[in-house]
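Residue-level structure breakdown
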Amino acid sequence: TRPDLLNDFFSPRQAPRLSEQLHEVARCVLAVEQGRSLTEVLPQVPPGLRPGVQSLTFQVLRHLGTARAVARLLARRLPAPTALALLHTALALLIGDGQGASCPPHTLVDQAVDAAKRGRDTRMQSGFLNACLRRYLRESSALLAQARQDPSALWNHPAWWVERVRRDHPAHWEAILAASNQPGPMVLRVNRRRVTREAYAAQLAEQGIGASPLGDDGLLLASPQPVERLPGFDQGLCSVQDGAAQLAAGLLLEGREWRRGDRVLDACAAPGGKTAHLLERADLGLLALDVDPHRCERIHQNLQRLGLQAEVRAADAGEPSGWWDGRPFDAILLDAPCTASGIVRRHPDVRWLRRPGDVGQLVAIQRRLLDTLWPLLKPGGRLVYCTCSVFRAEGQEQVDAFLERHTDALALPSPGHLRPGTVIVNGEFNDNDPGGYDGFFYARMDKARP
């Protein structure tokens, strides 16, 4: 989602196609506003348009709160959903990154009006759209100042989300929301079984791709790259995985000697990034579970590309009677279902899809999984619990309650809540780092011996 892509779309040679792009972007925005995930919607975009439409849609969703508030100021009576989605799309792209429009404003307005004329449900609203957008160009400063009195417009997250982050992280809530609205960096995990990190960084340099070390196995790329440009990607030399997600393997494995075949459970494994990282670091007898058979196929594909082996089963980790053979595990990784509130910089639709009641429902699922899997762990074994969430209910509060229920659980030093845009250097948090992690939570617990 590079901002410079926008300039390509709005250059004279691309101008004839811009209205077509905007038409598709508005369809994606409408789908999100109606509760559908971009993961479901983007594959329906014609392949030739998909990269540009994804980039523009991400831009729109990062400014949707402001665009909605401005639209309400521009129109006493809002149009039908299809035309409103196109209005939101054009406004969000005009609003850009707060430093001015991300493209020539009048070109965008003209092309948005043409996009309205292309659609059966919007052609009658093209005049209305033109009037609203022209007024925005004349009065943008005043309209933005008024709109941003609304927290959702100011932070481009739902108001309930803003309030929860402010309550959970009183000293850092503004930084969390701001970082969540920036594109995440591209980070690779080098497959240490096949190549050293230093050797792979040299291969990248030969391709003109800058990279710097991150964590134990990571390389932070200076700029995002298509995987086709990554040397040896198809041969399993590396994977794409955020630095925060790469912490899981070390937290689970550090502090003990692992023997070939030691039993490890990755309880909610798809798409298999953490599964693969564990196997890259140790010879384990690993069982990877996921409730979705289609997502299990993704695990198989990733392991095959990397030259790794694990038992992969489509099963509900919360129902061991359907998959557990009665032999306890040496270690369990529980990357539990969550709101994904820590990874909205990579999935900007998530904030608009979640509802306040989702948090409590997911907390209940996490609690059930923790309580169900703990008895499957050997005495002396380790469980790592993680979520890609910044909400304390899914992180520290969940673990505190678990420790109260299970007196045989011994809490170990853990990262706790990782804020988006932070990194850990020598055990200390560094904020506002351009290579900062996604938002995550980690806790590790050992099971007391009798």
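Quick note: structure is the one above.
We now turn to the structure provided with this report.

Definitions and cut-offs
- The written sequence of each chain sets the order in which its residues are numbered from 1.
- The predicted origin of the model limits local features to residues at a pLDDT of at least 70 and limits the giving and counting of side-chain atom pairs to 80 or more, whereas totals for whole chains, interfaces and linings rest on all residues.
- Processing note: side-chain calculations cover all non-hydrogen atoms of the structure and skip hydrogens and water entirely.
- Strands are runs of DSSP state E lasting at least 2 residues, helices are runs of H or I lasting at least 4, and numbering of each runs from the N terminus.
- Accessibility here uses a 1.4 Å probe with only protein chains present; expressed as a share of the type maximum, an area under 20% marks a residue as buried, one over 50% as exposed, and anything in between as partly exposed.
- What we call a nonpolar core is a set of buried Ala, Val, Leu, Ile, Met, Phe, Trp, Tyr and Cys residues that are connected through their side-chain atoms within 4.5 Å.
- By the convention used here, residues are in contact when the closest approach between their heavy atoms is within 4.5 Å.
- Pairs of strands are assigned from DSSP output, requiring at least two bridges between the strands.
- Every axis in this analysis is a line fitted to C-alpha atoms, fitted for helices over the stretch in contact. Angles between the N-to-C directions lie between 0 and 180 degrees.
- Stacked, edge-to-face and tilted are the three classes for Phe, Tyr and Trp ring pairs, Trp counted by its six-membered ring, which pair at centre distances within 6.5 Å; planes under 30 degrees apart are stacked, over 60 edge-to-face, the rest tilted.
- Two helices crossing with the near one rotated counterclockwise from the far one by less than a right angle form a left-handed crossing, whereas a clockwise rotation gives a right-handed crossing.
- Basically, the charged four are Asp, Glu, Lys and Arg, the nonpolar ten are Ala, Val, Leu, Ile, Met, Phe, Trp, Tyr, Cys and Pro, and anything else, Gly included, counts as polar.
- Basic side-chain nitrogens of Lys or Arg form a salt bridge, by our definition, when they fall within 4 Å of a carboxyl oxygen of Asp or Glu.

1. Regarding unusual backbone geometry
- In the segment running from Ala270 into Pro271, the intervening peptide bond is cis, with an omega of 5 degrees.
- Within the secondary structure layout, Pro271 lies in the loop between strand S5 (262–266) and helix H14 (273–281).
- Unlike most non-glycine residues, Asn156 shows phi in positive territory, near 55 degrees.
- The residue Asn156 is located in the loop between helix H9 (151–155) and helix H10 (159–168) in this model.
- Note on Asn156: relative accessible area 5%, which makes it buried.
- Phi at Ala340 takes a positive value of approximately 60 degrees, unusual for a residue other than glycine.
- Along the chain, the position of Ala340 falls in the loop between strand S8 (329–335) and helix H16 (350–353).

2. Re the nonpolar core
- Counting 53 residues, the largest nonpolar core has Val165, Val264, Leu278, Leu284 and Tyr442 as the members making the most contacts within it.
- If one sorts the elements of this core by residue count, helix H13 (residues 247–253) sits on top with five residues.
- Contact partners of Val165, with chain neighbours within four places excluded, come to Trp173, Ile176, Leu177, Val390 and Phe391.
- Judged by nonpolar contacts, the second largest core, of 47 residues, contains Val45, Leu49, Leu91 and Ala147.

3. Topic: the sheet that holds strand S2 (residues 211–214)
- The strand order across the open sheet built from four strands is S2-S3-S1-S4, with neighbouring strands paired in antiparallel fashion. The strands lining the two open edges of the sheet, one partner per strand, are S2 and strand S4 (238–240). Ignoring which end each strand starts from, the neighbouring axes of this sheet average 35 degrees apart.
- One ladder, built from three bridges, connects strand S1 (residues 187–190) with strand S3 (residues 218–221); its direction is antiparallel. If you follow Val187 over to S3, its bridge partner there is Leu220.

4. So, the packing of aromatic side chains
- Taken as a whole and judged by the stated rule, the model has eight aromatic pairs.
- A ring pair is formed by Trp323 and Phe329, whose centres lie 6.5 Å apart and whose planes are at 40 degrees; its orientation type is tilted. Comparing Trp323 with Phe329, the two get one shared label, buried.
- Feature note: the residues Trp160, Trp161 and Phe391 constitute an aromatic cluster, connected by ring pairs.

5. What about the packing of helix H17 (residues 356–373) against helix H18 (residues 396–405)?
- Relative orientation of the contacting elements H17 and H18 amounts to 35 degrees, with a least axis distance of 11 Å. Between H17 and H18 lies a crossing whose hand is right-handed. For the pair formed by H17 and H18, the contact residues are Val363, Gln366, Arg367, Leu370 and Asp371 on the first element and Gln398, Phe402 and Arg405 on the second.
- Partitioned by chemical class, the residues of the contact of H17 with H18 number three nonpolar, two polar and three charged.

6. A closer look at the pattern of salt bridges
- Applying the stated rule across the entire model yields 31 salt bridges.
- As a salt-bridge pair, Arg281 and Asp217 come within 3.9 Å of each other at their nearest N and O atoms. In this pair, Arg281 sits in helix H14 while Asp217 sits in the loop between S2 and S3, placing the two residues 64 residues apart along the sequence.
- Judged by its relative accessible area of 22%, Arg281 falls in the partly exposed class.
- Assessed through its relative accessible area of 6%, Asp217 is described here as buried.
- Here Asp262 makes a salt bridge to Arg259, at a shortest N to O gap of 3.6 Å.
- With relative accessibility at 56%, the residue Arg259 sits in the exposed group.
- The network of salt bridges with common partners includes Arg192, Asp216, Asp217 and Arg281.

7. Comments concerning the sheet that holds strand S10 (residues 409–418)
- Read across the sheet, seven strands follow the order S7-S6-S5-S8-S9-S13-S10 without closing on themselves; strand pairing throughout is mixed. With one partner strand each, in any of the chains shown, strand S7 (311–314) and S10 form the two edges of the open sheet. Recorded for the sheet is a direction-independent mean angle of 15 degrees between the axes of neighbouring strands.
- When S8 meets strand S9 (residues 377–387), the two strands line up parallel, connected through six bridges. Paired with Leu333 across the two strands is Val384, which belongs to S9.
- Helix-sheet contacts for helix H15 (residues 293–306) involve strand S6 (284–290) and S7, and the interaxial angle to S7 is about 165 degrees.
- Set on the sheet, H17 makes contact with S5, S8 and S9; between it and S9 the angle comes to about 165 degrees.

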